Each structure stands twice: as structure tokens, then as C-alpha cells.
Amino acid sequence: MSSLSELPMESWMSHLPCALWDTPLSHLAIPGSHNAITYCLDMNDRSPVDLTQPDMLQKLDKYMKPLIRPFVYKWAVTQEYTIKQQLDCGVRYCDLRIAHRPNDSSSDLYFYHGVYTTLTVETVLLEIREWLDAHPKEVVILSFSHFLGLSPELHMLLLTTIRNVFTSKLCPKTEALTLRKLWAVGYQVIVSYEHNIASCHSDLWPHVPYWWANKCKAEALIEEFEHRKQHGRPGGLFVTGINLTEDLKYICTHPTESLKDLVMSTYPTLLSWVKEQTPGSRVGSLNIIAGDFITESHFVPTVVTLNEKLLKWSS
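Residues numbered from 1 in each chain as written. Predicted model: local features only at pLDDT ≥ 70, side-chain atom pairs only at ≥ 80, totals over all residues. Heavy atoms only, no water.

Visitor: Please explain the overall build of the protein as it appears in this structure.
Guide: Secondary structure summary: the protein contains eleven helices and ten strands in total. Compactness check: the protein gives a C-alpha radius of gyration of 19 Å against a globular reference of 20 Å for 315 residues, within 12% of the reference. Seen along its three principal axes, the alpha-carbon backbone of the protein occupies a region of about 65 × 45 × 35 Å. Expressed as a percentage of the 315 residues in the protein, the buried residues total 53%. Residue pairs at least 24 apart in sequence account for 77% of intrachain contacts in the protein once pairs closer than 6 positions are excluded. Of the roughly 13,900 Å² of accessible surface on the protein, a fraction of 56% belongs to carbon and sulfur atoms. (Helix = DSSP H or I, 4+ residues; strand = E, 2+ residues; numbered from the N terminus. Rg over C-alpha atoms; globule rule 2.2 N^0.38 Å. Buried < 20%, exposed > 50% of the residue type's maximum accessible area, 1.4 Å probe, protein only. Contact = heavy atoms within 4.5 Å. Areas by Shrake-Rupley, 256 points an atom, 1.4 Å probe, with all protein chains shown as cover.)

Visitor: Can you walk me through the layout of surface pockets in this structure?
Guide: Unoccupied space between atoms shows up once a probe the size of one water molecule is rolled over them. Here the largest pocket defines a volume of roughly 1,100 Å³. Lining the largest pocket are 39 residues, and of these Gln53, Trp75, His113, Thr245 and Glu246 lie nearest its centre. Contributing elements (two or more residues each) for the lining of the largest pocket: helix 1 (55-63), helix 2 (65-76), strand 2 (93-99), strand 3 (110-113), strand 5 (140-148), strand 8 (210-212) and helix 8 (248-253). Looking at the lining of the largest pocket element by element, the count peaks at six residues for helix 2. (1 Å grid on protein atoms, 1.4 Å probe; cavity = no way out; pocket = protein on both sides within 12 Å on 5 of 7 lines; lining within 4 Å. Points joined across faces, edges and corners; volume = space filled by probe spheres on them.)

Visitor: Which parts of the structure should I look at to understand unusual backbone geometry?
Guide: For residues other than glycine, phi is negative in most cases, and the peptide bonds are mostly trans. In the Ramachandran plot, Asn35 falls in the positive-phi region, its phi being about 50 degrees despite a non-glycine side chain. Within the secondary structure layout, Asn35 lies in the loop between strand 1 (30-33) and helix 1. Even without being glycine, Thr167 reaches a positive phi, approximately 40 degrees. Secondary-structure assignment places Thr167 in the loop between helix 5 (152-166) and helix 6 (179-185).

Visitor: Hey, could you run me through the side chain of Glu246 in this one?
Guide: Within the element layout of this structure, Glu246 appears in the loop between strand 9 (239-241) and helix 8. Buried charged residue Glu246 carries no salt bridge. Nearest counter-charge: Arg97, at 10 Å. Not counting residues within four places of it along the chain, the set of residues in contact with Glu246 comprises Trp75, Cys216, Ile251, Leu259 and Leu262. (Lys, Arg positive; Asp, Glu negative; His and termini not counted. Salt bridge = Lys/Arg side-chain N within 4 Å of Asp/Glu carboxyl O.)

Visitor: How should the pairing of strand 3 be read in this particular structure?
Guide: Two faces belong to every sheet, and in a regular strand the side chains alternate between them. Judged from the two bridges that link them, strand 2 and strand 3 form a sheet pairing that is antiparallel. The residue of strand 3 that forms the bridge with Ile98 is Phe111. Here strand 3 pairs with strand 4 (residues 115-120) via three bridges, running antiparallel. Directly across from Tyr112, in strand 4, lies its bridge partner Tyr116. A loop of one residue connects strand 3 with strand 4, the two strands running antiparallel in sequence, and Gly114 in this loop sits at a positive phi of about 85 degrees. (Pairing = 2+ DSSP bridges.)

Visitor: It is not clear to me how the environment of Phe71 should be interpreted in this structure. Could you clarify?
Guide: Structurally, the position occupied by Phe71 is in helix 2. Here the alpha-carbon distance between Phe71 and His227, two residues 156 residues apart in the chain, equals 33 Å. Those residues in contact with Phe71 that sit more than four places away from it in its chain are Ile251 and Pro255.

Visitor: Sorry, what's going on with the side chain of Ser258 here?
Guide: Here Ser258 shows up in the loop between helix 8 and helix 9 (259-275). For Ser258, a relative accessible area of 13% gives the class buried. Ignoring anything within four residues of it in the chain, the contact list for Ser258 reads Lys74 and Trp75.

Visitor: Looking at this structure, how should I read empty space enclosed by the protein?
Guide: Scanning all chains against the criterion turns up one cavity of 30 Å³ or more. Counted as a void, the largest cavity has a volume near 50 Å³. Lining the largest cavity are Ile242, Asn243, Leu244, Val263, Thr266, Tyr267, Leu270, Gly291 and Asp292. Element by element, the count of residues in the lining of the largest cavity is highest for helix 9, at four residues. A breakdown of the residues in the lining of the largest cavity according to their chemical character gives five nonpolar, three polar and one charged. (Nonpolar A, V, L, I, M, F, W, Y, C, P; charged D, E, K, R; others polar.)

Visitor: Help me understand the packing of helix 7 (residues 218-230) against helix 9 in this model?
Guide: Packed helices, taken two at a time, are described by the angle between their axes plus the distance between the axes. Here helix 7 crosses helix 9 at 20 degrees, and the two axes come no closer than 10 Å. Between helix 7 and helix 9, the crossing angle belongs to the class labelled roughly parallel. Two packed elements cross with a definite hand, and for helix 7 against helix 9 that hand is right-handed. Taking contact as the criterion, the partners of Ala218, Glu219, Leu221, Ile222, Phe225, Glu226 and Lys229 in helix 7 are, on helix 9, Thr266, Thr269, Leu270 and Trp273. Among the residues making up the contact of helix 7 with helix 9, the classes are represented as six nonpolar, two polar and three charged. (Axes fitted to C-alpha atoms, helices over the stretch in contact; angles between N-to-C directions. Parallel < 35°, antiparallel > 145°, perpendicular 65-115°, else oblique. Left-handed = near helix turned anticlockwise from the far one by under 90°.)

Visitor: Hey, could you run me through helix 5 in this one?
Guide: Working note: α-helix, 3.6 residues per turn, so residues spaced by three or four point in the same direction. Look at helix 5: 21 Å from first C-alpha to last across 15 residues, which is about the 21 Å you get at 1.5 Å a residue. All buried positions along helix 5 are accounted for by Leu154, His155, Leu158, Leu159, Thr161, Ile162, Val165 and Phe166. Down the axis of helix 5, the buried set is contained in an arc of 155 degrees. They therefore lie on one face. Opposite its buried face, helix 5 presents the exposed residues Pro152, Glu153 and Asn164, each directed more than 90 degrees away. Where helix 5 is buried, its residues touch strand 2, helix 4 (121-134), strand 5 and strand 6 (189-193). Directly beyond the C-terminal end of helix 5, a positive phi value near 40 degrees is found at Thr167. (Expected span 1.5 Å × (residues − 1). Arc of directions from axis to C-beta.)

Below, the structure is given as C-alpha cells:
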């Protein structure tokens with residue numbers, strides 16, 4: 001067998017060896033995109049900073065926008081490529097943070113991170129649908145979370161949009177998620193929803209846990225995850241986020257840098273740690289691994305190649 005790193009990444013799932021078709025998705029190594037929709041943040045001054053930002057930043061942005069906004073933007077963008085490009089690169093888990101803009105009389109929903117996006121949620125979901133139509137054996141996990149400003153009515157509207165866009169591709173909460181079973185019935189979309197309404201709907205999966213280290217140094221992040229691994233992995237799908245987190249102190253002491261500079265400088269260390277990880281059911285094994293600027297370096301092939309370790313066990 002040639003290395004899995006040589007698979008065409010836009011269709012790596014359909015090219016996996018048949019020995020892995022019956023492996024639960026929660027035991028595969030799957031590349032993910034942290035804050036997937038930040039490539040279209042609204043640079044226009046009309047867009048406010050999102051309401052989760054510290055009060056101080058909101059005030060500064062209000063009165064000193066020309067100074068503050070470029071800073072916000074440099075540290076808020078976590079992905080530079082469109083959703084279709086990310087899927088083409090092999091991403092199969094998308095972290096989607098949903099907001100209704102304050103003072104917006106329409107029912108349009110957007111993504112946000114620091115500021116709101118220019119693209120609506122419906123527009124992006126339709127792009128994902130188009131991509132899935134062209135890649136019928138690829139499966140994506142869409143994690144809707146960090147809801148901001150959504151009323152119960154807007155939640156129902158979002159759910160209706162999800163159903164209208166993905167129709168028969170939506171996978172209900174079934175027991176075993178394996179590629180063979182999903183292919184047999186044409187399911188391609190697993191929607192996890194971080195809200196208590198998920199329990200009332202058969203097509204919304206519960207929130208996929210996200211291990212977040214909240215560190216701005218690669219070594220500290222790795223140490224945190226090694227500690228967590230000792231306590232065992234969650235039962236179903238779960239994410240290990242190798243995304244670094246910068247605090248205000250870091251940003252102020254690195255005024256000429258951006259999040260991308262921080263990420264790119266630490267990727268070699270982080271990816272060498274990823275290469276040592278193992279998917280599967282054992283204590284200490286990982287499942288979805290999500291990062292920033294995932295189209296850079298060899299992030300996606302590195303994660304996909306971890307599945308070779310499952311083949312070695314089963315052979």
C-alpha cells in the first residue's frame with residue numbers, strides 16, 4: 001500500500017482502503033477547520049465588532065475604528081481559503097459560529113469571529129451542498145456552536161435552512177457512523193448543534209466536544225493535551241484543536257504580527273506532535289484534529305496519514 005498522504009485530498013475518504021470502511025468515524029483521524037468561515041470577515045466600518053468581545057475593545061472600536069479595526073482583523077482571520085477550497089484540501093470538520101447581527105431587522109444569520117462575516121450562513125451552506133453533490137462519497141461534520149443573538153425563532157429558521165439545503169444528505173442520530181453505512185444510504189452531512197434544541201430533533205447530533213488548550217505557545221498546548229489524553233478520550237466524535245489562542249497581552253507585545261505569523265511559526269512543532277498521535281478507541285487516541293490556516297504546511301495530509309496506524313493493527 002502506498003502512503004495515505006498520496007491520496008487525492010479532495011476525495012480522501014472515498015479513496016481510503018476498504019479495511020477502514022467499517023471503522024466508526026469517531027475512530028478515524030479527520031482534519032478539521034477551526035473557525036472555518038473567517039475568510040470573509042466584514043472589513044467595512046459599518047460592521048460592529050461582535051458582542052462577545054471585551055467591553056473595552058467595543059468602546060475602542062466605536063471611537064477609534066481606523067486604528068483598532070486593522071488589529072482586530074489581523075488576529076480574527078483564522079482561515080484564508082473559501083469553504084470549497086478547504087473541502088478540496090481535505091477538511092471534513094467545520095467549526096461554524098453563528099450570529100444574528102445586532103440591530104439587523106432581517107432574519108439573516110452570519111458567522112463571526114471578532115467581527116461578522118459578509119457571507120450569510122445560507123450562502124455558505126449552499127456552497128457546501130454544491131461541493132458535496134460533486135463529491136458523493138465524502139462526509140462532512142458541521143459543528144454549529146457559539147450562537148450569538150439567536151432567538152428561538154431564529155434557531156428554528158436555521159434548522160429549516162439546514163434541512164432545506166442538505167435534504168436527504170442529512171444523517172440522523174444513528175448508532176454506528178461508518179463510511180460503508182453512510183455511503184449505502186447517501187448520508188453526507190452530520191450536523192452537531194450546541195443548543196438544547198438538539199435533543200428534540202432526530203437530525204441534530206449533540207455538540208461535538210472540542211478540546212481547546214487556550215495557550216499561545218505550542219509547547220504549553222502540547223503539554224495540556226498530553227495531560228488530557230491520560231484521562232481518556234470521549235466516547236463519540238471529538239475534536240482536538242491545535243489552534244493557539246493569543247490574549248490581549250500577546251497582541252500588544254507583538255504589534256507588527258498577525259495570528260498567521262504566530263500559527264506558521266509554531267506549525268513545525270505542532271505537526272511533529274500530530275505525527276506521533278494515534279486514532280482509534282484506545283485511551284490517549286485522537287479523532288478530529290482542527291487547526292488554523294489549514295491549507296498551509298502539510299496539516300491535512302499529516303492528519304489523514306495517521307489512519308495508516310489503524311491498518312497496521314487490523315492487518
